[in-house]
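Results of the structural survey
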Amino acid sequence: MADLRIYNVVILGLGFLFIFTAFTTCGNIEQTIVKSLDNDTFTGSGYHSLGIIYGMFSFSNLLAPTVVAIIGPQFTMFFSGILYSGYVAVFITPSTWSFYFTSVLIGIGAAMLWTAQGHFLVENSDASTINRNTGMFWALLQCSMLFGNLYIYFDWNGSTEISDRSRKTIFIGLLVTSVLGTLSFLALRKTLPPEEEMLNDEEGQPLLSTHMMYKQRANFAVQDAKSEFKTILQLLKTKTILLLSCCMAYSGLELSFYSGVYGTCIGATTEFGAAAKGLIGISGIVVGIGEIVGGGIFGLVCKNNRFRRTSVVFLGMVVHFIAFYLIYLNIPDDAPVVLKTSTLNKPYLTPSISIALLCSFLLGLGDSCFNTQLYSILGRVYAEQSTPAFAIFKFIQSIFAAVAFFYSGYLLLTWQLLLMAILGFIGTLCFFMVERIQNFSVDLQQEY
């Protein structure tokens with residue numbers, strides 16, 4: 001049984017590795033791809049597409065647990081993988097309607113995929129193996145930022161324009177990768193026999209028909225969904241969630257910036273010349289390295305330590321502020337909004353590739369600081385209500401990521417950096433206030 005569970009966790013991680021190698025690479029380059037299309041009939045925006053995805057993801061989270069409970073996590077992940085593959089396939093022969101339609105579908109699929117992933121991971125773990133299994137899964141997942149972006153670097157390095165042939169080759173490769181990840185979910189094995197298939201000793205037949213089993217699942221799922229929704233509404237009124245919502249909102253803004261906007265800015269910087277397009281891939285890799293380093297150090301070493309938690313968040317704020325200032329000096333102001341494939345404005349410094357990649361690392365490192373500590377404090381404060389608490393986190397984060405993607409194509413880089421700096425400062429202060437409140441509560445409990 002233990003070997004089977006390890007097998008399931010590894011297959012789960014590999015499935016996500018393949019699917020998100022395709023999706024994260026796609027998200028990192030899609031605005032650059034859209035701007036390079038030699039197609040007068042295509043009017044889509046990569047920023048708007050990503051905004052739709054995160055917007056649909058945030059609201060679909062409310063319904064995803066019901067779907068997973070009815071059809072089970074394995075087939076939910078398989079179906080969601082098909083939606084991810086469909087989104088990638090659109091870039092082979094782009095059209096505006098299919099681009100935005102699949103954006104809606106993948107947003108719904110993402111909510112179901114992540115809900116099913118959490119359910120399946122818990123199903124294949126116990127108290128003694130949950131940390132090991134989570135670590136194995138996330139280690140495989142984080143590698144998804146490396147392979148696709150590495151290919152982009154080798155394929156685009158030295159290219160000033162992205163040809164139709166290059167685009168089709170890239171996305172056919174990404175589609176095959178995503179399909180492999182989707183098919184891998186079919187290799188997952190059940191560790192426990194389902195309760196509804198208990199056999200009658202005399203007849204050896206299922207006690208419940210298939211129709212009745214699914215009807216029962218649906219009824220239980222709807223009841224659970226109603227209960228979870230009521231809990232979410234109650235938690236939204238609490239002081240702790242209201243304060244942490246500023247930090248959650250900031251995590252959404254900076255998520256959109258490092259995952260879709262910053263790579264586009266680097267690729268559009270005229271001063272980087274023929275290396276600019278290839279640097280999009282290297283930037284994605286370096287962001288991933290920052291995430292892995294931060295997640296390893298702050299997610300494991302500093303776990304369940306209140307003092308270190310505030311220190312890590314403060315470090316994340318400082319790291320991000322340094323990155324924002326260097327980006328402000330190093331990247332042209334019109335980089336996110338330029339209509340052509342290269343910028344017209346001049347930055348304060350002569351753009352440096354080293355500084356640009358340093359900022360990529362700092363963005364990934366700072367993001368891991370905020371996310372690991374938000375997970376930590378939510379898990380500690382809402383140990384008995386972790387599911388609705390994390391649902392609120394993902395909802396707020398995704399809403400603000402969606403908003404950020406929609407304004408990214410219109411606001412100059414300076415204003416985007418300023419917005420993130422202001423909300424990051426407020427979010428850090430609010431996080432400190434929550435820690436202070438929690439420490440005060442613990443001290444009172446110890447006194448009595």
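Residues numbered from 1 in each chain as written. Predicted model: local features only at pLDDT ≥ 70, side-chain atom pairs only at ≥ 80, totals over all residues. Heavy atoms only, no water.

1. Concerning the overall build of the chain
Helix and strand counts for the chain come out as 15 helices and zero strands. Taking all 448 residues of the chain together, the buried fraction comes to 51%. Contacts in the chain between residues far apart in sequence, at least 24 positions, make up 85% of those at least 6 positions apart. Carbon together with sulfur atoms contributes 66% to the accessible area of the chain, which is approximately 20600 Å² in total. (Helix = DSSP H or I, 4+ residues; strand = E, 2+ residues; numbered from the N terminus. Buried < 20%, exposed > 50% of the residue type's maximum accessible area, 1.4 Å probe, protein only. Contact = heavy atoms within 4.5 Å. Areas by Shrake-Rupley, 256 points an atom, 1.4 Å probe, with all protein chains shown as cover.)

2. Digging into the packing of aromatic side chains
The final tally for this structure, using the stated rule, is 24 aromatic pairs. Judged by centre distance (5.5 Å) and plane angle (80 degrees), the ring pair of Phe91 and Phe99 falls under edge-to-face. Accessibility expressed as a relative area gives 1% for Phe99, which makes it buried. For the pair Tyr250 and Phe370, a centre-to-centre distance of 5.0 Å together with 65 degrees between the ring planes defines the contact as edge-to-face. With Tyr250 in helix H10 (residues 239-268) and Phe370 in helix H13 (residues 353-381), the pair connects residues that are 120 residues apart, well separated along the chain. Both residues of the pair, Tyr250 and Phe370, count as buried. Across the ring face of Phe393, the terminal group of Lys394 is positioned such that the distance to the ring centre comes to 5.8 Å. (Phe/Tyr/Trp six-rings, centres within 6.5 Å; stacked < 30°, edge-to-face > 60°. Lys NZ or Arg CZ within 6 Å of the ring centre and 35° of its normal.)

3. Let's talk about the state of the cysteines
Per the counting criterion, the structure on display carries zero disulfides. Summary of cysteine pairing: Cys430 is not part of a disulfide, and the nearest cysteine sulfur, belonging to Cys246, is at 3.9 Å. (Disulfide = S-S within 2.5 Å.)

4. Digging into the pattern of salt bridges
Evaluation of the coordinates by the stated rule reveals three salt bridges. Linking Asp164 and Arg167 is a salt bridge whose minimum nitrogen-to-oxygen distance equals 2.8 Å. Linking Asp164 with Arg167, this pair stays in helix H8 (residues 164-184), spanning three residues, or about one helical turn. One salt bridge in this structure joins Lys346 and Glu271, with 3.3 Å as the shortest N-O distance. With Lys346 in the loop between helix H12 (306-330) and H13 and Glu271 in the loop between H10 and helix H11 (276-301), this residue pair connects regions lying 75 residues apart in the sequence. What makes Lys346 exposed here is its relative accessible area of 66%. Residue classification places Glu271 among the partly exposed positions, given a relative accessible area of 29%. (Salt bridge = Lys/Arg side-chain N within 4 Å of Asp/Glu carboxyl O.)

5. Comments concerning the environment of Leu344
Mapping Leu344 onto the fold places it in the loop between H12 and H13. Sequence separation between Leu344 and Asp334 is 10 residues; the distance between their C-alpha atoms is 7.2 Å.

6. Some points on the nonpolar core
Core analysis: the biggest nonpolar cluster contains 104 residues, and Phe16, Met77, Phe171, Phe257, Tyr262 and Ile327 have the highest contact counts within it. Of the residues forming this core, the biggest block, 15 residues, is contributed by H10. With residues up to four places along the chain from it excluded, the contact list for Phe257 reads Tyr262, Ile327, Leu363, Leu413, Gln416, Leu417 and Met420. (Core = buried A, V, L, I, M, F, W, Y, C linked by side-chain atoms within 4.5 Å.)

7. Let's talk about a nonpolar patch on the surface
A cluster of nonpolar residues, Leu412, Trp415, Leu418, Ile422, Phe425, Ile426 and Leu429, forms a patch on the protein surface that exposes about 640 Å² of accessible area. By relative accessible area, which is 39% here, Leu418 ends up partly exposed. (Patch = residues over 30% accessible without salt bridge, like charges linked within 9 Å, V, L, I, M, F, W, Y side chains within 5 Å.)

8. Things to note about the confidence of the model for the chain
Per-chain confidence: the chain averages 83 in pLDDT, with 86% of residues scoring 70 or above. Looking across the chain, the model is least confident in helix H9 (residues 210-236), with a mean pLDDT of 70, and most confident in helix H4 (residues 73-90), with 94. Overall, residues 193-205 carries pLDDT values under 50, and its contacts beyond four positions in sequence, including any with other chains, amount to 11 contacts. (pLDDT = per-residue confidence, 0-100.)

9. Notes on the side chain of Ser184
The residue Ser184 is located in helix H8 in this model. Look at Ser184 and you get buried, because its relative accessible area is 14%. Within the local environment of Ser184, its side chain forms a polar contact with the backbone oxygen of Gly181, the two atoms lying 2.5 Å apart. Not counting chain neighbours up to four residues away, the residues in contact with Ser184 comprise Ile11 and Gly15. (Polar contact = N/O pair within 3.5 Å; in protein donor to acceptor, adjacent residues only side chain to side chain.)

10. A word on helix H3 (residues 64-71)
Along H3, the residues that are buried comprise Ala64, Thr66 and Val68. Positive phi shows up at Gly72, right after H3, with a value of about 90 degrees.

11. What to know about the packing of H4 against helix H5 (residues 96-123)
Put simply, H4 and H5 touch, their axes get as near as 7 Å, and they point 150 degrees apart. As judged from the angle between their axes, H4 and H5 are roughly antiparallel. At the point where H4 passes H5, the crossing takes the left-handed sense. For the contact of H4 with H5, the per-class residue count stands at 16 nonpolar, nine polar and one charged. (Axes fitted to C-alpha atoms, helices over the stretch in contact; angles between N-to-C directions. Parallel < 35°, antiparallel > 145°, perpendicular 65-115°, else oblique. Left-handed = near helix turned anticlockwise from the far one by under 90°. Nonpolar A, V, L, I, M, F, W, Y, C, P; charged D, E, K, R; others polar.)

12. A short note on the packing of helix H2 (residues 46-60) against H10
Axis separation between H2 and H10 bottoms out at 11 Å; the angle between their running directions is 165 degrees. As the angle between them shows, H2 and H10 are arranged roughly antiparallel. Two packed elements cross with a definite hand, and for H2 against H10 that hand is right-handed. Taking contact as the criterion, the partners of Tyr47, Leu50 and Tyr54 in H2 are, on H10, Leu255, Gly260, Val261 and Thr264.

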